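Fold and geometry: a report
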Amino acid sequence: VDLSAWAARGQVGYTFKQHRWRPMVMYGYQTFSGDDPNTQKLERFDPLFFQGSPSSWATGSKSSFTFINSNVQAHQLTVSISPTQQDKFTLRYAHIRANELRSPIQFGQATRFDLATGSGVVAGVTDPHLADDIFLEYSRIINQNTFLTAGVSASVPGKGLELAANDDLPVWLGGFVNIVVNY
């Protein structure tokens, strides 16, 4: 396989330790190459395995279930406060875009007919804006062995997904509660 793929991730943040509740703000950017449909090479990044947490390599919150870090880029903003040493609230926002138009945004993505331009079968999207994700998370240290995490999230579809579906897509909502006990 003539493969020429790449990926990059960077983040910068600051915790205001001198302030009450220790507010933290962080900006992150990550990008994963997509396949250029106009070349013979395969430029699409293959993530193999990735950790699916929004605090690491996941692209967005709800969107991380759909976009598997191939042909996507994300600008991510994180803000958190810690009212006590045991409690932390984190708000995450991700603006997610496709790197290459008309290139698959996930493995196994089916092709579709592009009747608007008459160009035939097309994979991927025709507009780069895929989604905007918002994720609110609460973490509590109950004791040295027990941790509680709860969260709610929403993914607002972008124009790229709505054009691909040829429909106004609903906001994708979700929530979770997770208790971890180490022994």
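As a starting point, this report considers the structure included with it. A quick note: this is a predicted structure, and the numbers were derived from the prediction, not measured.

A few words on the overall build of the chain. Scanning the chain from terminus to terminus reveals 1 helix and 9 strands. Sequence-ordered secondary structure for the chain, helices as α and strands as β, is β-β-β-β-β-β-β-β-α-β. By the burial criterion, 34% of the 183 residues in the chain qualify as buried. As displayed, the chain offers around 10900 Å² of accessible surface, 58% of which is attributable to carbon and sulfur atoms.

Let's shift gears to the sheet that holds strand β8 (residues 146-157). With respect to topology, 7 strands assemble into an open sheet ordered β1-β2-β3-β4-β7-β8-β9, the strand pairing being antiparallel. This sheet does not close on itself; its edge strands, each paired only once, are β1 (7-15) and β9 (172-181). Looking at each pair of strands side by side, their axes are set apart by 15° on average, direction ignored. Sheet topology places strand β7 (residues 129-143) next to β8; 12 bridges connect them, and they run antiparallel.

What follows is about the environment of Tyr138. Looking at the element boundaries, Tyr138 is found in strand β7. Given a relative accessible area of 22%, Tyr138 falls into the partly exposed group. Measuring from C-alpha to C-alpha, the distance between Tyr138 and Lys88 comes to 5.8 Å, with 50 residues separating the pair along the chain. For Tyr138, the residues in contact, after removing those within four places along its chain, are Asp87, Lys88, Phe89, Leu148, Thr149 and Ala150.

We now examine unusual backbone geometry. Backbone geometry places Arg22, a non-glycine residue, at a positive phi of 40°. Along the chain, Arg22 falls in the loop between β1 and β2 (24-32). For Asn166, which is not glycine, the phi torsion reads 55° and is therefore positive. Looking at where Asn166 falls in the secondary structure, it is placed in the loop between α1 (159-165) and β9.

It is worth spelling out the pattern of salt bridges at this point. Taken as a whole, this structure holds 2 salt bridges when the rule is applied. Between Arg92 and Glu137 there is a salt bridge; the shortest N-O distance is 3.3 Å. One end of the pair, Arg92, is in strand β4 (residues 87-98); the other, Glu137, is in strand β7, and 45 residues separate them in sequence. Classification of Arg92 by relative accessible area gives buried; the value is 14%.

In this structure, the hairpin formed by β7 and β8 is closed by a connection of 2 residues. As judged from the 10 bridges shared by β8 and β9, these two strands associate in the antiparallel manner. Within β9, the position partnered with Thr149 by the bridge is Asn178.

Grouped together as the largest cluster of nonpolar side chains are 11 residues: Phe32, Phe67, Val72, Ala74, Ala94, Ile96, Ala98, Ile105, Val125, Leu130 and Ala131. For this core, the secondary-structure elements that each account for two or more residues are β3 (72-81), β4 and β7. A per-element tally of this core places β4 first, with 3 residues. Sequence-distant contacts of Ile96, that is, excluding residues within four places in its chain, are made with Thr59, Gly60, Ser63, Phe67, Val72, Gln73, Ala74, Pro128, His129, Leu130, Ala131 and Asp133.

Each value, and the rule that gives it
Residues numbered from 1 in each chain as written. Predicted model: local features only at pLDDT ≥ 70, side-chain atom pairs only at ≥ 80, totals over all residues. Heavy atoms only, no water. Helix = DSSP H or I, 4+ residues; strand = E, 2+ residues; numbered from the N terminus. Buried < 20%, exposed > 50% of the residue type's maximum accessible area, 1.4 Å probe, protein only. Areas by Shrake-Rupley, 256 points an atom, 1.4 Å probe, with all protein chains shown as cover. Pairing = 2+ DSSP bridges. Axes fitted to C-alpha atoms, helices over the stretch in contact; angles between N-to-C directions. Contact = heavy atoms within 4.5 Å. Salt bridge = Lys/Arg side-chain N within 4 Å of Asp/Glu carboxyl O. Core = buried A, V, L, I, M, F, W, Y, C linked by side-chain atoms within 4.5 Å.

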